[in-house]
Structures are given as structure tokens and as C-alpha cells.
Amino acid sequence: RVGLTHIPVVVHVVFHTAEQNIGESQITSQIDVLNQDYRALNPDIDKVPEVWKPLVADSRIEFHLATHDPQGQPTDGITRTQTQATKFNIRTNAVKHSSSGGHDAWPDDRYLNLWVCPRIFDPKDPNEILGYAQFPGGPAETDGVVIGHQFFGTTGTAAAPFNGGRTTTHEVGHWLNLLHIWGDDGNGCNGSDLVMDTPNSGGPNFQAPHFPRLSCSNGPDGDMFVNYMDYTDDKSMFMFTQGQVARMEATLDSARSSFNG
Ligand code: ARG
Ligand code: ZN
Ligand code: CA
């Protein structure tokens, strides 16, 4: 892959109340954050601890709202659907189908589908889900990323501490095949994200930790909690590494190669 990869994005706004029918400025604020974060142009990048600055990487991926719909007609890249549903089940993917109160995906080889919905829940988890993603290789009908409207963009209904647009940065990372940096093994030290330059770490970090945060004998620098693929607050995550970008690169050369050229 040489040069930039351009990803056309369709935002499916699925709303119950008028407030959840988020405005265009909230949507463009999210696209702007993606374009900063994926090119290492985010204004907070200087907060990366000195030791990890050499690992900061530009993915050369850019995102823009689709200008043509699947039929080739001009579009603003936004669909709007009023629904009877007040919350959406992460297990059923109801938000991804018009027949179940959501909106059907656009072809996943041409668009990144981003659904923005009232509320996401997991029947097996009491916590609110900020967002979720489908990894490469899954069914086209459910491919894409789902985000609760309060965790989308930086303005409008976006609410602190998740009003930095980083939930979408994180979920698009999964869509490009990135794993959580702690290796998804609970708090153990055996899990891996299959990336060489992210330190081995125990479990997820939350809120706004202070550097260094040690686990798994990973001193002196500790967990890379400033990475987008941890669980810290939006204001505490600022980087992807070279190794993570290599993994995105591999995805764009294989499962998601339709976005090249
Ligand atoms: N899938 C994660 C969740 O729903 C997303 C975490 C995003 N983290 C963030 N700081 N925005 O909890
Ligand atoms: Zn995640
Ligand atoms: Ca671990």
C-alpha cells in the first residue's frame, strides 16, 4: 500500500427521541477526530510519554462521508431512521437491519458503516456499552461499528468523559483487526494483542491513570494506557503504535483490500 487509503463512511443515525437525531456538526466532529487520530495529527499527541514517542505511527488512512449512495446517487453520507426501540442488543445486531428497527448496512466492500443509536446493551453485562465493532471477515450485513450517540463526536449530545470521539477511534481499530492491548485474558499476563511494540499488560486501564502504570513486570514504563486500544477516558488516549499500524496495513492488504486504489 502506497500513499493514502480513503475510506468512505456512511453514518446511520437511528433515533427514538428528537435529541438522539444528532446534528451534522456532531457527525463531522467525529469524522474530524478519526482523521486526526489515524494520521497522528491529534492535538494531544504531545502528551504521549517520552519513551513511547518513537513508536507513534501515522496509518495513512483518511475517512470522509460518502458522496454517493450504493445506487450511485449523490448523498451527504448520512441516513436517518426513527425507531420504536429505546435500546439495542449487541447480541442481535437489531440496529443493523431495517426490519428490526434499525437500518440496513451499505455494501461493506465500499463503505465503513457507522451506526449511531440511542443506547447499546448486552444482556449478559450490567454496564452500558459505549460501542462495538465487527472484526474483518464477518458477514457483510452486520459489518461496521455501532456507537451510542452520547459517545459519538465531540459536540451535540456527546457527554464527558467520552466526548473526545475516541470510542469510534477504538472501534474502528477493531474493524481494522486491532485487539485490546492487554490481550483480552482478564487480568492475566499471558494474553497478547499480537503486536510486538505494545508492552505486555495485565487488564484494561480505566479513567485517567498517571504514568507509569505497572503490571506483568513491565517496568519501568508499564502499560501503554495512552493507546487507543485500552479502556481509558477519551482525554487519556492519544496513539497507535508502528506495530498496530502494520496490523492495519495487513488488513488493508487482505480482508479489506477493496478500499485500496
Ligand atoms: N467497547 C468499549 C466499551 O463499550 C469501548 C471503549 C471505548 N473507550 C473510550 N475511552 N472511549 O466499553
Ligand atoms: Zn474494544
Ligand atoms: Ca493481559
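See the structure printed just above.
Just so we're clear, the structure is a prediction, and the values are computed from it rather than from any experiment.

Undergrad: So what about the pattern of salt bridges? Which residues, and what values?
TA: Tallying each qualifying case throughout the model produces eleven salt bridges. Of the charged contacts in the structure, one is a salt bridge between Asp 122 and Arg 91, with a shortest N-O distance of 2.8 Å. Linking Asp 122 in strand S6 (residues 120-122) with Arg 91 in the loop between strand S4 (88-89) and strand S5 (112-117), this pair joins segments that are 31 residues apart in sequence. Using a relative accessible area of 47% as the deciding quantity, one classes Arg 91 as partly exposed.

Undergrad: Go over the coordination of the zinc ion (ligand 2), please, and point to the residues and values.
TA: Coordination of the zinc ion (ligand 2) by the protein comes from His 170 (NE2), His 174 (NE2) and His 180 (NE2), over a distance range of 2.0 to 2.1 Å. Site description for the zinc ion (ligand 2): donor spacing in sequence, H-x3-H-x5-H. For the pair His 174 and His 180, one class covers both residues: buried.

Undergrad: Report on the sheet that holds S6, specifying residues and quantitative values.
TA: Read across the sheet, three strands follow the order S4-S6-S7 without closing on themselves; strand pairing throughout is mixed. Edge positions in the sheet fall to S4 and strand S7 (125-129), since each has one partner strand and no second. In the sheet, S6 pairs with S7 via two bridges, with the strands oriented antiparallel. Bridging from a neighbouring strand, Ile 120 pairs with Ile 129 of S7.

Undergrad: Run through the pairing of strand S2 (residues 61-65), naming residues and quoting values.
TA: A one-sided burial pattern is seen for S2, the buried positions being Ile 61, Phe 63 and Leu 65 and the unburied ones Glu 62 and His 64. As paired elements, strand S1 (residues 5-15) and S2 share five bridges and run parallel to each other. Each bridged residue has a counterpart across the sheet, and for His 6 the counterpart in S2 is Glu 62.

Undergrad: Any details on the site of ligand 1? Residues and values, ideally.
TA: Lining the immediate environment of ligand 1, one finds Ile 129, Leu 130, Gly 131, Phe 162, Arg 166, Thr 167, Glu 171, Tyr 231, Thr 232, Asp 233, Asp 234 and Met 237. Between ligand 1 and Thr 232 there is a distance of 2.5 Å, counted from a nitrogen atom to a backbone nitrogen or oxygen. Counting atoms within 2 Å of the grid points, the majority share of ligand 1 lands in the largest pocket. Put simply, the parts of the chain that give the shell around ligand 1 at least two residues each are helix H2 (166-175) and strand S11 (231-232). In terms of residue count, the dominant contributor to the shell around ligand 1 is H2 (three residues). Here the residues of the shell around ligand 1 sort into five nonpolar, three polar and four charged.

Undergrad: Can you tell me about the coordination of the calcium ion (ligand 3), naming the residues and giving the values?
TA: Taken together, Trp 182 (O), Asp 185 (OD), Asp 185 (OD), Gly 188 (O), Ser 201 (O) and Gly 202 (O) make up the full set of protein donors to the calcium ion (ligand 3), lying 2.3 to 3.0 Å away. If you look at the calcium ion (ligand 3), its six donor atoms make angles of 46 to 173 degrees with each other, and the shape they trace is irregular.

Undergrad: An account of the nonpolar core is needed here, citing residue identities and associated values.
TA: By size, the foremost hydrophobic cluster in this structure holds 44 residues, and its most contacted members are Val 11, Tyr 38, Phe 63, Leu 112 and Val 172. Broken down by element, the residue count for this core peaks at five residues, all from S1. When sequence neighbours within four positions are dropped, the list of residues in contact with Leu 112 reads Ile 7, Pro 8, Val 9, Val 10, Phe 63, Gly 144, Val 145, Val 172, Trp 175 and Phe 259. Within the second largest apolar cluster, ten residues are counted, among which are Val 95, Ile 120, Ile 129 and Tyr 132.

Undergrad: Summarise the layout of surface pockets; cite the residues concerned and give the values.
TA: Of the pockets and cavities examined, the largest pocket occupies roughly 750 Å³. Taken together, 29 residues form the lining of the largest pocket, with Ile 129, Leu 130, Gly 131, Glu 171 and Tyr 231 sitting closest to its centre. When contributions to the lining of the largest pocket are tallied by element, the ones reaching two or more residues are S7, strand S8 (131-133), H2, strand S10 (206-207) and S11. Of all the elements, H2 adds the most residues to the lining of the largest pocket, at five residues. The class makeup of the residues in the lining of the largest pocket is eleven nonpolar, eight polar and ten charged.

Undergrad: An account of the environment of Phe 151 is needed here, citing residue identities and associated values.
TA: Relative to the elements of secondary structure, Phe 151 occurs in the loop between strand S9 (145-148) and H2. Measuring from C-alpha to C-alpha, the distance between Phe 151 and Ser 100 comes to 23 Å, with 51 residues separating the pair along the chain. With residues near it in sequence (within four places) discarded, Phe 151 still touches Gln 30, Glu 128, Ile 129, Leu 130, Phe 162 and Thr 167.

Calculation rules
- Residues numbered from 1 in each chain as written.
- Chains lettered and ligands numbered in written order.
- Predicted model: local features only at pLDDT ≥ 70, side-chain atom pairs only at ≥ 80, totals over all residues.
- Heavy atoms only, no water.
- Salt bridge = Lys/Arg side-chain N within 4 Å of Asp/Glu carboxyl O.
- Helix = DSSP H or I, 4+ residues; strand = E, 2+ residues; numbered from the N terminus.
- Buried < 20%, exposed > 50% of the residue type's maximum accessible area, 1.4 Å probe, protein only.
- Donors = N, O, S within 2.8 Å, 3.2 Å for Na, K, Ca; no water.
- Pairing = 2+ DSSP bridges.
- Near = heavy atom within 4 Å.
- Polar contact = N/O pair within 3.5 Å; in protein donor to acceptor, adjacent residues only side chain to side chain.
- 1 Å grid on protein atoms, 1.4 Å probe; cavity = no way out; pocket = protein on both sides within 12 Å on 5 of 7 lines; lining within 4 Å.
- Sits in = over half its atoms within 2 Å of the grid points.
- Nonpolar A, V, L, I, M, F, W, Y, C, P; charged D, E, K, R; others polar.
- Tetrahedral: all angles 85-135°; square planar, octahedral: opposite > 155°, others 65-115°.
- Core = buried A, V, L, I, M, F, W, Y, C linked by side-chain atoms within 4.5 Å.
- Contact = heavy atoms within 4.5 Å.
- Points joined across faces, edges and corners; volume = space filled by probe spheres on them.

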